[in-house]
Amino acid sequence: MFSKQEAQQIKKDFWTAFGKSFPRKWLLYNTKVKDFSFKFNADSKKAEVSLDIEMKDEIFRNAYYEKIWSLEDILKDFIGDFQKEEYFTLENGKVIAKIWVEKHNVSVFNKNTWQEIFEFFVEKMDGFERFYYEYEDFIKDV
């Protein structure tokens, strides 16, 4: 195992390597919709690309989720099979709506899987972004 400090350094090296390998400006938080963002995540067991809908107001959060959900088949064309949860509870107890794709059997702590994670990130985030840009006006009309 790694010490906490070593683990932090490996994670920092991972994200630096990703940025250098695929230098581009991702959409992420720049959706122009407050608390509606795309995220990358990698840990010791998997990699994940997600759309997190984090509005505190449950009515708005659910309205955005329903908009995306109404485009389910189209989203699947862009990113493949995905998971969804209208009431996803984060570790801190906050409830969000979440749509995500995962890649298992990879680890931020195994440099031999980094390229596999990077390619997964690029493929899936690019799909999420192309979907969002194509349907942005419809999604924002809440």
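Cut-offs used in this document
Residues numbered from 1 in each chain as written. Predicted model: local features only at pLDDT ≥ 70, side-chain atom pairs only at ≥ 80, totals over all residues. Heavy atoms only, no water. Helix = DSSP H or I, 4+ residues; strand = E, 2+ residues; numbered from the N terminus. Rg over C-alpha atoms; globule rule 2.2 N^0.38 Å. Buried < 20%, exposed > 50% of the residue type's maximum accessible area, 1.4 Å probe, protein only. Contact = heavy atoms within 4.5 Å. Arc of directions from axis to C-beta. Axes fitted to C-alpha atoms, helices over the stretch in contact; angles between N-to-C directions. Parallel < 35°, antiparallel > 145°, perpendicular 65-115°, else oblique. Left-handed = near helix turned anticlockwise from the far one by under 90°.

By the naming in an unreviewed UniProt entry, the protein is DUF4268 domain-containing protein, taken from Chryseobacterium limigenitum.

J.: Any chance you could break down the overall build of the protein for me, citing the residues and the numbers?
T.: Along the protein, the regular secondary structure elements total 4 helices and 4 strands. N-terminal to C-terminal, the α/β element order of the protein is α-β-β-α-α-β-β-α. Taking 2.2 N^0.38 as the reference for a compact globule, 142 residues should give roughly 14 Å; the C-alpha atoms of the protein span a radius of gyration of 16 Å, in line with that estimate. Split into buried and exposed, the 142 residues of the protein put 41% on the buried side. Restricting the contact set of the protein to residue pairs at least 6 apart, pairs at least 24 apart contribute 60%.

J.: Give a detailed account of helix α3 (residues 72-79), specifying residues and quantitative values.
T.: All of the buried residues along α3 are Leu 75, Phe 78 and Ile 79. Angularly, the buried residues of α3 cover 75° about the axis, an arc narrow enough to put them on a single face. Exposed residues lying more than 90 degrees from the buried face of α3 are Asp 73 and Asp 77. Buried residues along α3 sit in contact with α2 (58-70), β4 (95-104) and α4 (114-140).

J.: Account for the packing of helix α1 (residues 4-21) against α4, naming residues and giving values.
T.: Look at α1 against α4: their axes get within 11 Å of each other, and the N-to-C directions meet at 55°. Taken together, the axes of α1 and α4 are oblique relative to one another. Between α1 and α4 lies a crossing whose hand is right-handed. Residues Ile 10, Asp 13, Phe 14, Trp 15, Ala 17, Phe 18 and Ser 21 of α1 touch α4, and the partners they reach there are Trp 114, Ile 117, Phe 118, Phe 121 and Val 122.

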